Amino acid sequence: RVNTVVFDKTGTLTESRPRVAEVIPGEGYERDDILRTAACLEEHFPHPVARAVVRKAEQEGLHHQEEHTEVEYVVAHGIASRLHGKRVLFGSRHYIHHDEGVPVDAMREDIERLAREGRSILYPAVDGKLAGLIAIEDPLRPEAAPVIRKLLGRGIRVVMLTGDDERTAAAVAERLGISEYRSQVLPTDKAAVIRSLQAEGHTVAMLGDGINDSPALVCADIGIAVGSGTDIAIDSADVMIAGGSICAVPLIFRLSKGTMKIIRQNLVWAVIYNIICIPIAAAGIVNPSIAAAAMSLSSNGVLLNSLRLKNLEK
């Protein structure tokens, strides 16, 4: 009965192997200093984006010393600390600009260009001033666009959830062929999106792979987890796709619809067959051995009909 499929972007539609694509310094700042400081703070967290920043600094031989104070992690937003007496922030635009009030207009052209390229942006700020931009690229899964086309071809509504800003989300959605998406979605808001779709009368399946996806997977009518995802996401889901590919998503819907169709065929066949044959056998019109053979034929017919499901896997 599912008519709406919601995809979390990161790790589900992307390969979850983010890398630093570009580092752009702001006025008065050096590129290497921005990357070095970012790595110094981000190394304290196991987030994939944080690991990408640290890895980039290591590749470029940018070593650092632990000179900052305690690092504060703001869930789904970014990190904050003090370095050389200055307040240092790294995080999303929502965190830096909306929550902390740091102006970002000075780098508007670079922000818009990176967004058009579908890259996520990490905003470093020092003492209330934007220090530059760190562009993060997470390659899309090669099978993502074909899977979405197949779902849309079956008349299923597809929605993408992402924490990226509007322009980056729009660029990614266009590349995937998705017309409906929700940008700047916080982890706590994902389940709310599912509930809003259900309130509209839709039967919703949610696909995710991360810890933050777990509430939405539970909330959805059907939660589907990618096998390469976190344990809690897999435990929260109703269906687990073995391996890391989402190619099986259209197959899940073909199998479920095909299974229900065959169940109905088997029930109709069994009911009609028994309505006709049981009175005849009870009246002694047929030989008991013939009646037994006819019953076996009915059972084998149901089994053979059910085996047609194998054809749906092709």
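What you are looking at is a predicted structure, and each value in this text was computed from that prediction instead of being measured.

**Considering the sheet that holds strand S12 (residues 222-226)**
Taking strand neighbours across the sheet as the criterion, the six strands line up as S10-S9-S1-S11-S12-S13 in an open arrangement whose pairing is parallel. Sheet topology places strand S10 (181-182) and strand S13 (239-241) at the edges, where each strand pairs with a single neighbour. As paired strands, strand S9 (residues 157-161) and S10 are joined by two bridges and run parallel to one another. Within S10, the position partnered with Leu161 by the bridge is Arg182. Where helix H11 (residues 249-282) meets the sheet, it contacts strand S1 (4-8), strand S11 (204-208), S12 and S13, and its direction lies at approximately 135 degrees from that of S13.

**Observations concerning the pattern of salt bridges**
Think of it this way: side chains of opposite charge can pair up when their charged atoms draw near. Applying the stated criterion to the full structure yields 22 salt bridges. In this structure, Arg113 and Glu22 form a salt bridge, with 2.9 Å as the shortest nitrogen-oxygen distance. A residue pair is termed long-range when its members are at least 10 positions apart, and Arg113 in helix H5 (residues 108-116) and Glu22 in strand S2 (residues 19-25) qualify at 91 residues. Relative accessible area serves as the criterion here: at 24%, Glu22 is assigned to the partly exposed category. For Arg113, the salt bridge goes to Glu117, with nearest N and O atoms at 3.3 Å. Residue Arg113 is classed as partly exposed on the basis of its relative accessible area, which comes to 24%. Each of Arg19, Glu22, Asp110, Arg113, Glu117, Arg119 and Glu137 takes part in salt bridges that share partners, so that together they form one network.

**Considering the packing of aromatic side chains**
All told, the structure shown has one aromatic pair when counted by the stated rule. Between Trp269 and Tyr273 the ring centres are 5.1 Å apart and the planes differ by 40 degrees, which places this aromatic pair in the tilted class. Of this pair, Trp269 and Tyr273 both sit in helix H11, four residues apart, roughly one helical turn. Residue classification places Trp269 among the partly exposed residues on the basis of a relative accessible area of 40%. The exposure class assigned to Tyr273 is buried, which follows from its relative accessible area of 13%.

**Remarks on the side chain of Lys9**
Checked against the element boundaries, Lys9 lands in helix H1 (residues 9-13). Once residues within four sequence positions are removed from consideration, Lys9 is found in contact with Thr14, Ser120, Met160, Leu161, Thr162, Asp164 and Val172.

**Things to note about the packing of helix H2 (residues 31-42) against helix H3 (residues 48-59)**
At a closest axis distance of 8 Å, the pairing of H2 and H3 adopts a crossing angle of 130 degrees. With respect to each other, H2 and H3 are oriented oblique. Helix-helix and strand crossings are classified by hand; for H2 and H3 the assignment is left-handed. Contacts from Arg31, Leu35, Ala38, Ala39 and Glu42 in H2 reach Ala50, Val53, Val54, Lys56 and Ala57 in H3. Residues that form the contact of H2 with H3 fall into these classes: seven nonpolar, no polar and three charged.

**Some words on the side chain of Thr168**
Here Thr168 shows up in helix H7 (residues 166-176). In this structure the side chain of Thr168 is engaged in a polar contact, spanning 3.2 Å, whose partner is the backbone oxygen of Arg119.

Scoring rules and cut-offs
Residues numbered from 1 in each chain as written. Predicted model: local features only at pLDDT ≥ 70, side-chain atom pairs only at ≥ 80, totals over all residues. Heavy atoms only, no water. Pairing = 2+ DSSP bridges. Helix = DSSP H or I, 4+ residues; strand = E, 2+ residues; numbered from the N terminus. Contact = heavy atoms within 4.5 Å. Axes fitted to C-alpha atoms, helices over the stretch in contact; angles between N-to-C directions. Salt bridge = Lys/Arg side-chain N within 4 Å of Asp/Glu carboxyl O. Buried < 20%, exposed > 50% of the residue type's maximum accessible area, 1.4 Å probe, protein only. Phe/Tyr/Trp six-rings, centres within 6.5 Å; stacked < 30°, edge-to-face > 60°. Parallel < 35°, antiparallel > 145°, perpendicular 65-115°, else oblique. Left-handed = near helix turned anticlockwise from the far one by under 90°. Nonpolar A, V, L, I, M, F, W, Y, C, P; charged D, E, K, R; others polar. Polar contact = N/O pair within 3.5 Å; in protein donor to acceptor, adjacent residues only side chain to side chain.

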